Amino acid sequence: MSLNSRNKNQYGAETVPFESAEEAWFWFIAAQEAKESGARFVAGSGLFPRPCEPIDILKTVDRLYRKRRLLRDHVLVLRHYGRRHVSPDPRRIKEARAHVLWEEALERIEEVLIGKKIVRNDIRTPRQGWHNDALIMMGDA
């Protein structure tokens, strides 16, 4: 990670933004699980100092939900697969719909997190759903 991708927090310490909303989501879930297990969250005590606290990710999801940018199904999929620490597999029939919801949710979350400098703002390729992968595998038949 280059130094240009780092930010400073309110105390002037360097922070490392997340590579994606998915990485931020899994980090949030891990922090919540640790908290439920009795761990105490101390800002800056992780492997990388992050530009936010776990509650900031939750507030972002809550705000998008209240604005109806995220639906209940989005939140349920984020919670279910977040707790499993794996994203839904678009190749599995039973996870195809969950994968679409997962991608939609993370795309909407990522827009906000980039604006807050929680996720890196590099030139990105748009998030693509399973249907684009299928077309590539089929050779655009």
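Definitions and cut-offs
- Residues numbered from 1 in each chain as written.
- Predicted model: local features only at pLDDT ≥ 70, side-chain atom pairs only at ≥ 80, totals over all residues.
- Heavy atoms only, no water.
- Helix = DSSP H or I, 4+ residues; strand = E, 2+ residues; numbered from the N terminus.
- Buried < 20%, exposed > 50% of the residue type's maximum accessible area, 1.4 Å probe, protein only.
- Core = buried A, V, L, I, M, F, W, Y, C linked by side-chain atoms within 4.5 Å.
- Contact = heavy atoms within 4.5 Å.
- Axes fitted to C-alpha atoms, helices over the stretch in contact; angles between N-to-C directions.
- Left-handed = near helix turned anticlockwise from the far one by under 90°.
- Nonpolar A, V, L, I, M, F, W, Y, C, P; charged D, E, K, R; others polar.

Colleague: Hey, could you run me through unusual backbone geometry in this one?
Modeller: Positive phi outside glycine occurs at Arg68, with the angle close to 65°. Mapped onto the elements of the fold, Arg68 is located in the loop between helix H2 (54-66) and helix H3 (72-84). Residue Arg68 is classed as exposed on the basis of its relative accessible area, which comes to 73%. Here the phi dihedral of Lys117 falls at roughly 60°; this positive angle occurs in a residue that is not glycine.

Colleague: Please clarify how the environment of Glu14 should be interpreted in this entry.
Modeller: Residue placement: Glu14 occurs in strand S2 (residues 14-15). In the structure, Glu14 is positioned 34 residues away from Phe48 in sequence and 9.4 Å away in space, judged by C-alpha atoms.

Colleague: Got a minute to help me understand the nonpolar core in this structure?
Modeller: One recurring pattern in soluble globular proteins: nonpolar side chains tend to sit buried together. Formed by 25 residues in total, the largest nonpolar core has its most connected members in Trp25, Ile57, Leu78, Trp102, Leu106, Ile109 and Leu113. Contributing elements (two or more residues each) for this core: helix H1 (21-36), H2, H3 and helix H4 (96-115). The biggest single contributor to this core is H4, with 8 residues. Sequence-distant contacts of Trp102, defined by excluding residues within four places in its chain, comprise Glu22, Trp25, Phe26, Val77, Leu78, Tyr81, Gly82, Ser87 and Pro88.

Colleague: What should I look at first to understand the packing of H1 against H2 in this one?
Modeller: If you want to describe how two helices pack, look at the angle between their axes and the distance between the axes. For the pair H1 and H2, interaxial distance at closest approach is 9 Å and the crossing angle is 115°. For H1 against H2, the interelement crossing comes out left-handed. Residue-level contacts link Ala24, Trp25, Trp27, Phe28, Ala31 and Gln32 of H1 to Pro54, Ile57, Leu58 and Val61 of H2. A class-by-class count of the residues in the contact of H1 with H2 yields 9 nonpolar, 1 polar and no charged.

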